[in-house]
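Fold and geometry: a report
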Amino acid sequence: MYKLPVLLFIVLYTTLAYSQPAKSTATNQGTVLYHTDFSEGLPADFVDLGAWVMTKGGITSTTKGLTNYLLLNRQYSINTRKVSVKVSLGKDTKFDLFTIEIDRSHQWGTLLQADAKDSLLRIYKPYNADNPVYPEILIDHHYAFVAGRDYTIEMMHDLYTNKFIIIDNLTGNTDTTASAGLGSGLLRDAFAIATENGAAPIVKSFTVTTQYKPGLKVLFIGDSITEGFTSNNGLFNQPGWSAISGRSAGIVSGAQNRVLSEIALLRPKYVSILIGTNGFSNVENLTALCNSIIKLGVIPILNNITWKRPGPVVKDNEYIATVRKNLNLKGAAFDAATSINGLNEKQDFTLFNPDGIHPNALGVQKMFDQLKKDVPELFN
């Protein structure tokens, strides 16, 4: 399904990240992470511009099918996130709003279809972006679309729940169906649109928001271990103090992507980084990640990764220690925190879930205590 090889995609993404300064817009509900009004043009922030062209009032598709998508070239992992697309449908339009995972795994995308012909908002089971075949239908939600009327169609991820929303822009009426857990995918990484069938829609705007406001004390960014911090309210996940941006199977390049899409907009005082458990880290890319954060006027905290079964973490933590020394950064010894008696000699399996990789509630508490000890300024 991909138009670009994944590595080339990441290179292009990173180049874009430093060629376009970001501006945040705070609202009473949170922060606008991205917004474009298509009546003003089709920004270069999107991939596959050839399949979508300008028309009166917005943009429209010239081709059909999932593989002819228009994708916003940004990655989003913040633990509350929402995409809103304003669109006008024809009487027989089938319009898709979906996610494509651009960071390694492409198996858990979320796919939503507005089917004007059959009067349905159709929600699918997790979507594989490497395969253009539609997955099984999870929910058929009846909704009578009116041809030519403007609707705002939204997908929202809030911790462990996905919500799918239709707003009638003429009446202001809102219709919401919720799907908890992983049944409808993970709604992460990059958002895309496509026309499956029928009359081409007119898409008028594209917006990504989060409930968090700029100026948080700390943004925790990383992979699935960081994602797990959302389960421990009162520790890493504290309203008004922190936000969580964890991406399961995440690697350094994905964290780098989020410098543009999240960090540059939320502007926390500190970004606490926990990345490398899934490999693909080295001194060079960790240094680049930290320097890109420093350029924003934000202070990076580069933490040691935790012990894990069965792979060693010594070499990865040596990379991390080197970068901390070179850039004069602080970080927490999460490896020591998850070892027997804190000696950093053997993994303490009582602090982990059965997989031996993800810390359990007690392990997360040990990590939090270690962070307070090693980086006390986060708590002043």
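Please read these numbers as outputs of a predicted model, since none were measured by experiment.

**Some remarks on the nonpolar core**
- Counting 80 residues, the largest nonpolar core has Phe206 and Phe236 as the members making the most contacts within it.
- Broken down by element, this core gets its largest block of residues, 7 residues, from helix H3 (residues 252-266).
- In contact with phenylalanine 236, not counting residues within four places along its chain, are Phe220, Phe229, Trp241, Ser242, Ile244, Phe334, Val364, Met367, Phe368 and Leu371.

**Structural notes on the packing of aromatic side chains**
- Evaluation of the coordinates by the stated rule reveals 16 aromatic pairs.
- Considering the side-chain rings of tyrosine 124 and tyrosine 134, the 5.2 Å spacing of their centres and the 40 degrees angle between planes classify their relative orientation as tilted. Of this pair, tyrosine 124 sits in strand S10 (residues 120-124) while tyrosine 134 sits in the loop between S10 and strand S11 (137-142), placing them 10 residues apart in sequence.
- With relative accessibility at 22%, the residue tyrosine 134 sits in the partly exposed group.
- Taken together, the aromatic side chains of Phe220, Phe229, Phe236, Trp241, Phe368 and Phe379 make up a single cluster linked through ring pairs.

**Let's talk about the confidence of the model for the chain**
- Residues at a pLDDT of 70 or more form 93% of the chain, whose mean pLDDT is 91.
- Scored below 50 in pLDDT, residues 1-22 makes 51 contacts in the model with residues more than four places away or belonging to other chains.

**Comments concerning the sheet that holds strand S6 (residues 70-72)**
- Strand order in this open sheet of 7 strands is S3-S6-S15-S8-S9-S10-S11, and the pairing throughout is antiparallel. Single-partner strands in this sheet number two, and they are strand S3 (46-47) and S11.
- With 5 bridges joining them, S10 and S11 adopt antiparallel strand pairing. Residue pairing across strands places arginine 122 opposite aspartate 140, the latter belonging to S11.

**Thoughts on the packing of helix H4 (residues 283-294) against helix H5 (residues 314-327)**
- Interhelical geometry of H4 versus H5 gives an angle of 45 degrees and a closest axis separation of 9 Å. When the axes of H4 and H5 are compared, the pair comes out oblique. In this structure, the crossing between H4 and H5 has a hand that is right-handed. Residues Val283, Leu286, Thr287, Cys290 and Asn291 of H4 touch H5, and the partners they reach there are Tyr319, Ile320, Thr322, Val323 and Leu327.
- Taken together, the residues of the contact of H4 with H5 break down into 7 nonpolar, 3 polar and no charged.

**Points about the environment of histidine 35**
- Along the polypeptide, histidine 35 turns up in strand S2 (residues 30-37).
- Residue class for histidine 35 comes out partly exposed when judged on its relative accessible area of 46%.
- On a C-alpha basis, the gap between histidine 35 and aspartate 96 in space is 19 Å, while along the polypeptide they are 61 residues apart.
- For histidine 35, the residues in contact, after removing those within four places along its chain, are Ser205, Phe206 and Thr207.
- Of the polar contacts made by the side chain of histidine 35, one reaches the side chain of threonine 207; its length is 2.7 Å.

**Brief notes about the side chain of aspartate 223**
- Tracing the chain through its elements places aspartate 223 in the loop between strand S17 (218-222) and helix H2 (224-227).
- In this structure, aspartate 223 is in contact with Gly246, Arg247, Ser248, Gly250, Leu274, Ile275, Gly276, Thr277 and Asn278, ignoring residues within four places of it in sequence.

**Considerations on the side chain of serine 84**
- Its place among the elements puts serine 84 in strand S7 (residues 80-88).
- Side-chain polar atoms of serine 84 contact the side chain of glutamate 154, separated by 2.8 Å.

**Some thoughts on the pairing of strand S5 (residues 58-61)**
- Relative to S5, strand S4 (residues 52-55) is paired through 4 bridges, and the arrangement is antiparallel. Across the sheet, the residue bridging to threonine 55 is glycine 58, located in S5.
- Here S4 folds back onto S5 in antiparallel fashion, the turn holding 2 residues, of which glycine 57 has a positive phi close to 90 degrees.

**Examining H4**
- The terminal C-alpha atoms of H4, which comprises 12 residues, lie 16 Å apart, in line with the 16 Å expected from a rise of 1.5 Å per residue.
- Looking at H4, one finds that the buried residues are Leu286, Leu289, Cys290, Ser292 and Ile293. Each buried residue of H4 sits inside an arc of 160 degrees when the element is viewed along its axis, so together they form one side.
- At the N-terminal end of H4, a side-chain oxygen is found 3.0 Å from the backbone nitrogen of glutamate 284, two or three residues along, and the residue is asparagine 282.

**Considering the sheet that holds strand S19 (residues 270-274)**
- Spatially, the 4 strands line up as an open sheet ordered S18-S17-S19-S20, and their pairing is parallel. A strand with exactly one partner marks an edge of an open sheet, and here the two such strands are strand S18 (242-246) and strand S20 (299-302). Sheet twist, expressed as the average angle between the axes of neighbouring strands with direction ignored, equals 20 degrees.
- Looking at chain direction, S17 and S18 are connected through 5 bridges and run parallel. Within the sheet, the bridge partner assigned to isoleucine 221 lies in S18 and is serine 245.
- Packing of H3 onto the sheet brings it into contact with S17, S18 and S19, and relative to S17 it is tilted by some 150 degrees.

The rules we used
Residues numbered from 1 in each chain as written. Predicted model: local features only at pLDDT ≥ 70, side-chain atom pairs only at ≥ 80, totals over all residues. Heavy atoms only, no water. Core = buried A, V, L, I, M, F, W, Y, C linked by side-chain atoms within 4.5 Å. Buried < 20%, exposed > 50% of the residue type's maximum accessible area, 1.4 Å probe, protein only. Helix = DSSP H or I, 4+ residues; strand = E, 2+ residues; numbered from the N terminus. Contact = heavy atoms within 4.5 Å. Phe/Tyr/Trp six-rings, centres within 6.5 Å; stacked < 30°, edge-to-face > 60°. pLDDT = per-residue confidence, 0-100. Pairing = 2+ DSSP bridges. Axes fitted to C-alpha atoms, helices over the stretch in contact; angles between N-to-C directions. Parallel < 35°, antiparallel > 145°, perpendicular 65-115°, else oblique. Left-handed = near helix turned anticlockwise from the far one by under 90°. Nonpolar A, V, L, I, M, F, W, Y, C, P; charged D, E, K, R; others polar. Polar contact = N/O pair within 3.5 Å; in protein donor to acceptor, adjacent residues only side chain to side chain. Expected span 1.5 Å × (residues − 1). Arc of directions from axis to C-beta.

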